[in-house]
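Breakdown of the fold
For reference, the chains in residue letters:
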Amino acid sequence: MEMSTHLFSEVSAHLLCVTPTAHWLEYVDWADAVLATRLEIKDGFALPSGEPGNGIAWDEAAVARYLVG
């Protein structure tokens with residue numbers, strides 16, 4: 001069965017890399033405003049980072065700007 005995803009592109013890209021039936025990743029840049037490094041898109045393909053874990057690095061200053069509390 002083909003697997004596709006459309007939420008949390010930064011994490012989903014990593015998961016689809018190890019999914020034998022990966023089909024489609026819908027990329028939406030919702031998190032870009034608070035990320036230190038963005039998911040690289042090249043020639044229509046998502047290129048997950050080689051960093052350990054999910055590869056997400058937060059921009060702490062940006063996160064603080066959007067903090068509600």
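Along each chain, the written sequence defines residue order, and numbers are assigned to residues from 1. In keeping with the predicted nature of the model, local features appear solely for residues at pLDDT of at least 70, side-chain atom pairs appear and are counted solely at 80 or more, and the whole-chain, interface and lining totals rest on all residues. As a convention, hydrogens and water are excluded, and side-chain values are obtained from all of the structure's heavy atoms.

Let us look at the overall build of the protein. Starting at the N terminus, helices and strands are each numbered in turn, a helix being any DSSP run of H or I of at least four residues and a strand any DSSP run of E of at least two. Summing up its helical and strand segments, the protein has two helices and four strands in all. Starting at the N terminus, the α and β elements of the protein follow one another as β-α-β-β-β-α. Taking the principal axes of the C-alpha coordinates as reference, the protein spans close to 45 × 25 × 20 Å. Each residue is placed in one exposure class: buried if its accessible area under a 1.4 Å probe, protein chains only, is under 20% of its type's maximum, exposed if it is over 50%, and partly exposed if it falls in between. Taken over 69 residues, the protein has a buried fraction of 19%. Only heavy atoms matter for contacts: two residues are in contact if any of them lie within 4.5 Å across the pair. Put simply, of all contacts in the protein between residues at least 6 apart along the chain, 35% involve residues at least 24 apart. The Shrake-Rupley method, run with a 1.4 Å probe sphere, supplies the accessible areas, and residue values consider only the shown protein chains as cover. Within the structure as shown, the protein displays about 5,400 Å² of accessible surface, and the carbon and sulfur contribution to it stands at 60%.

The next thing to look at is helix 1 (residues 9-17). Buried within helix 1 are the following residues: Ser9, Glu10, Ser12, Ala13, His14 and Leu16. Taken together, the buried residues of helix 1 touch strand 1 (3-5), strand 2 (22-25) and strand 4 (45-47).

For residues that are not glycine, phi is negative in most cases, and the peptide bond is trans in most cases. With a phi close to 50°, Phe8 is a non-glycine residue in the positive phi region. With respect to the element layout, Phe8 can be found in the loop between strand 1 and helix 1. Even without being a glycine, Asp43 presents a positive backbone phi close to 55°. In this structure, Asp43 sits in the loop between strand 3 (40-42) and strand 4.

A few words now on a nonpolar patch on the surface. Together, Leu7, Phe8 and Trp30 line one region of the surface with nonpolar side chains, adding up to about 410 Å² of accessible area. Within the secondary structure, Leu7 is located in the loop between strand 1 and helix 1. Any residue with relative accessible area above 30% and no salt bridge may belong to a patch, with like charges joined within 9 Å and the nonpolar Val, Leu, Ile, Met, Phe, Trp and Tyr side chains within 5 Å. A pairing counts as a salt bridge when a side-chain nitrogen of Lys or Arg comes within 4 Å of a carboxyl oxygen of Asp or Glu.

This part is about the pattern of salt bridges. Applying the stated rule across the entire model yields one salt bridge. One salt bridge connects Asp32 with Arg38, and the closest N-O pair in it is separated by 3.8 Å.

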